[in-house]
Amino acid sequence: MEPFFLGLIVGIITSAPIGPVGLLTIQRTLAHGRLAGMLSGAGAATADAFYAGLAGLSLSVVSNFLASARFWIHLGAGILCLWFGGRAFFFRPRRRAPAHRYGRGPGVLWTFVSSLLLTLANPLTILFFIVVFTTLQMDHSSLPRLLSLVAGIFSGCLLWWIALSLVTARLHTHLESRTLILINRVSAIFIIILGVVALGSAGHFLMSPRIPKP
């Protein structure tokens, strides 16, 4: 199979599990419209493609840096999740807001960048791609094949996030305001919980006597 199409499949599989970025994409689509959800997904897809490229290049220096900076990564991810979750919890989406338009909310650039940073805050992604490349014996021996593979992964991730945004926006038009608020707050609570877990991991790392401190 060509690297691009194999990467396309891997990208979809990588994005399918609903995690912090998935919840954020759903919440932003409900709150601000499908364009906000797509921009969030584009940020996540860019981060996944970046990590896939690093995994293909087997940059041990970058891997070591990510391992040494895991305290700051967990800390940053926790703060971002708490910030997103707190803002989302008090936002009241309403059915009358058009789902196809970008409503009042975070700017276009921040919507993209914040999702990018949140995805980059999970350095285990690069290990995931290393395992996938090894398990599937994906050929990325040459730069053109690696670029094709990374492009496929980016496209697969982006397709998934676009589909999720469109489905969420479609449901948005059929849900009452109370239901939208409930879904929005449940998503926000899960994002906050993930933020607390990330901060807990940073605290555990800081308190562990056997791990060098940052």
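This section reports on the structure supplied with the text. (Residues numbered from 1 in each chain as written. Predicted model: local features only at pLDDT ≥ 70, side-chain atom pairs only at ≥ 80, totals over all residues. Heavy atoms only, no water.)

With that settled, consider the overall build of the protein chain. Helix and strand counts for the protein chain stand at nine helices and zero strands. Written out in order from the N terminus, the α and β elements of the protein chain read α-α-α-α-α-α-α-α-α. Per-residue burial over the protein chain gives 42% buried out of 214 residues. In the protein chain, the proportion of contacts linking residues at least 24 apart, taken out of those at least 6 apart, comes to 87%. Summed over all atoms, the accessible surface of the protein chain reaches about 11400 Å², with 71% contributed by carbon and sulfur. (Helix = DSSP H or I, 4+ residues; strand = E, 2+ residues; numbered from the N terminus. Buried < 20%, exposed > 50% of the residue type's maximum accessible area, 1.4 Å probe, protein only. Contact = heavy atoms within 4.5 Å. Areas by Shrake-Rupley, 256 points an atom, 1.4 Å probe, with all protein chains shown as cover.)

With that settled, the discussion passes to the layout of surface pockets. Put simply, the largest pocket is a space of about 680 Å³. Surrounding the largest pocket, 26 residues form its lining, Pro20, Leu118, Thr119, Asn122 and Thr125 being those nearest its centre. Secondary-structure elements contributing two or more residues to the lining of the largest pocket are α1 (3–15), α2 (20–32), α3 (34–57), α5 (70–89), α6 (108–120), α7 (124–135) and α9 (177–207). Sort the elements by how many residues they give to the lining of the largest pocket and α9 lands first, with four residues. Grouping the amino acids of the lining of the largest pocket by side-chain chemistry returns 16 nonpolar, nine polar and one charged. (1 Å grid on protein atoms, 1.4 Å probe; cavity = no way out; pocket = protein on both sides within 12 Å on 5 of 7 lines; lining within 4 Å. Points joined across faces, edges and corners; volume = space filled by probe spheres on them. Nonpolar A, V, L, I, M, F, W, Y, C, P; charged D, E, K, R; others polar.)

Structurally, Thr29 can be placed in helix α2. Looking at Thr29, the relative accessible area reads 1%, which means it is buried. Only 2.7 Å separates the side chain of Thr29 from the backbone oxygen of Thr25, close enough to count as a polar contact. Those residues in contact with Thr29, other than ones at most four positions away along the chain, are Arg34, Gly37, Ser165, Thr168 and Ala169. (Polar contact = N/O pair within 3.5 Å; in protein donor to acceptor, adjacent residues only side chain to side chain.)

What follows concerns the packing of α3 against helix α8 (residues 143–172). Closest axis-to-axis distance for the α3/α8 pair is 8 Å, and the angle between their directions is 155 degrees. The pairing of α3 with α8 is recorded here as roughly antiparallel in orientation. Judged by the sense of rotation from one axis to the other, the crossing of α3 with α8 is right-handed. Across the contact of α3 with α8, the residue classes break down as 17 nonpolar, six polar and two charged. (Axes fitted to C-alpha atoms, helices over the stretch in contact; angles between N-to-C directions. Parallel < 35°, antiparallel > 145°, perpendicular 65-115°, else oblique. Left-handed = near helix turned anticlockwise from the far one by under 90°.)

What follows deals with the nonpolar core. Among the nonpolar cores identified, the biggest contains 26 residues, and Ala52, Leu118, Phe129, Phe133, Ile153 and Trp161 are the most heavily contacted of them. Those elements that place two or more of their residues in this core are α2, α3, α5, α7 and α8. Non-local contacts of Ile153, meaning those with residues more than four positions away in its chain, are made with Gly7, Leu8, Val10, Gly11, Ala52, Phe129 and Phe133. (Core = buried A, V, L, I, M, F, W, Y, C linked by side-chain atoms within 4.5 Å.)

In an α-helix, one full turn covers 3.6 residues, which means residues spaced three or four apart are oriented alike. The end-to-end C-alpha distance of α6 is 19 Å, a good match for the 18 Å that 13 residues give at a rise of 1.5 Å each. Of all the residues in α6, the buried ones are Thr111, Ser114, Ser115, Leu116, Leu118 and Thr119. (Expected span 1.5 Å × (residues − 1).)

One pass over the structure, following the stated rule, counts two aromatic pairs. With a centroid separation of 5.5 Å and an interplanar angle of 85 degrees, the aromatic rings of Phe4 and Phe5 are classed as edge-to-face. A residue is classified by how much of its surface remains accessible, and Phe4, at 28% relative accessible area, is partly exposed. By relative accessible area, Phe5 is classed as partly exposed at 48%. (Phe/Tyr/Trp six-rings, centres within 6.5 Å; stacked < 30°, edge-to-face > 60°.)

Moving on, we come to the packing of α1 against α8. Following both chains from N to C, one finds α1 and α8 inclined at 40 degrees, their axes separated by 6 Å at the closest point. When the axes of α1 and α8 are compared, the pair comes out oblique. In the packing of α1 onto α8, the handedness of the crossing is right-handed. Contacts between α1 and α8 involve Pro3, Phe4, Gly7, Leu8, Val10, Gly11, Ile12 and Ser15 from the former and Arg145, Ser148, Leu149, Ala151, Gly152, Ile153, Ser155, Gly156, Cys157, Leu159, Trp160 and Trp161 from the latter. A class-by-class count of the residues in the contact of α1 with α8 yields twelve nonpolar, seven polar and one charged.

Here we take up a nonpolar patch on the surface. On the surface, Leu182, Val186, Ile189, Phe190, Ile193 and Val197 cluster together to form a nonpolar patch covering roughly 530 Å² of accessible area. The class of Phe190 is partly exposed, set by a relative accessible area of 45%. (Patch = residues over 30% accessible without salt bridge, like charges linked within 9 Å, V, L, I, M, F, W, Y side chains within 5 Å. Salt bridge = Lys/Arg side-chain N within 4 Å of Asp/Glu carboxyl O.)

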